[in-house]
Amino acid sequence: GEMGVLLVRPYKDEILPHWRFKTPDIARESSEKIYAMFLDYKAANDFIGMDMARKFLQMGYTRARRYANHSGGKKYNGPVPDDKKGQSGAHGREQLPRPEDPVKAESARIFYAKYLQAREDAEYKTLRKAWQAKWG
């Protein structure tokens, strides 16, 4: 998943400035830079860095998809009830209409392709399995 992606330093500080998806050209440049960082972390045998770069690629995909489906980025109608703040989900709110923005949809496809490259990298998978065995 994407949990912790904006919390872990120094990776957040290194990767976040390159994370953009407004247009397909920007998404292509961004995803290629982040994937290159993934490969640099791989060369340094830095699993946490690899995983953080993978998370940013995944987040590029999910956020671009969100904006492709909802131009303002808002998925649900109305504010989150006070007793539900900090939680995810609809909380009884109606989902807003989803007219797809083809520009953002293309940005999402670009990020998704790079995300899959990172996620399916053989060395990443081996390191991830070892990390999960050790840390759960």
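Summary of the structure given here. Given the structure is predicted, the values throughout are model-derived calculations rather than measurements. (Residues numbered from 1 in each chain as written. Predicted model: local features only at pLDDT ≥ 70, side-chain atom pairs only at ≥ 80, totals over all residues. Heavy atoms only, no water.)

1. Re the environment of valine 5
Item 1. With respect to the helices and strands, valine 5 occurs in the segment before α1 (11-15).
Item 2. Along the sequence, valine 5 and arginine 54 sit 49 residues apart, while their C-alpha atoms lie 9.6 Å from each other.
Item 3. Every residue in contact with valine 5, bar those within four places of it in the chain, is listed here: Lys12, Met52, Lys55, Phe56 and Met59. (Helix = DSSP H or I, 4+ residues; strand = E, 2+ residues; numbered from the N terminus. Contact = heavy atoms within 4.5 Å.)

2. A word on the packing of aromatic side chains
Centre-to-centre distance and the angle between the planes together describe a pair of aromatic rings.
Item 1. One pass over the full model with this rule turns up 10 aromatic pairs.
Item 2. With a centroid separation of 5.4 Å and an interplanar angle of 65 degrees, the aromatic rings of tryptophan 19 and phenylalanine 21 are classed as edge-to-face.
Item 3. When its relative accessible area of 15% is taken as the criterion, tryptophan 19 is described as buried.
Item 4. The exposure class assigned to phenylalanine 21 is buried, which follows from its relative accessible area of 13%.
Item 5. Relative to tyrosine 115, the ring of tyrosine 112 has its centre 5.9 Å away and its plane inclined at 45 degrees; by these criteria the two rings are tilted. Taken together, the residues tyrosine 112 and tyrosine 115, both in helix α4 (residues 102-119) and 3 residues apart, mark about one turn of the helix.
Item 6. Note on tyrosine 112: relative accessible area 32%, which makes it partly exposed.
Item 7. Given a relative accessible area of 9%, tyrosine 115 falls into the buried group. (Phe/Tyr/Trp six-rings, centres within 6.5 Å; stacked < 30°, edge-to-face > 60°. Buried < 20%, exposed > 50% of the residue type's maximum accessible area, 1.4 Å probe, protein only.)

3. Let's talk about helix α5 (residues 122-135)
Item 1. The first and last C-alpha atoms of α5 sit 20 Å apart over 14 residues, in line with the 20 Å expected at 1.5 Å per residue.
Item 2. Put simply, aspartate 121 is the residue that caps the front of α5, since its side-chain oxygen is 3.1 Å from the backbone nitrogen of glutamate 123.
Item 3. One or two steps after α5, the chain reaches glycine 136, where phi turns positive at roughly 80 degrees. (Expected span 1.5 Å × (residues − 1). Polar contact = N/O pair within 3.5 Å; in protein donor to acceptor, adjacent residues only side chain to side chain.)

Purely geometric stuff here, so don't read any function into it on its own.
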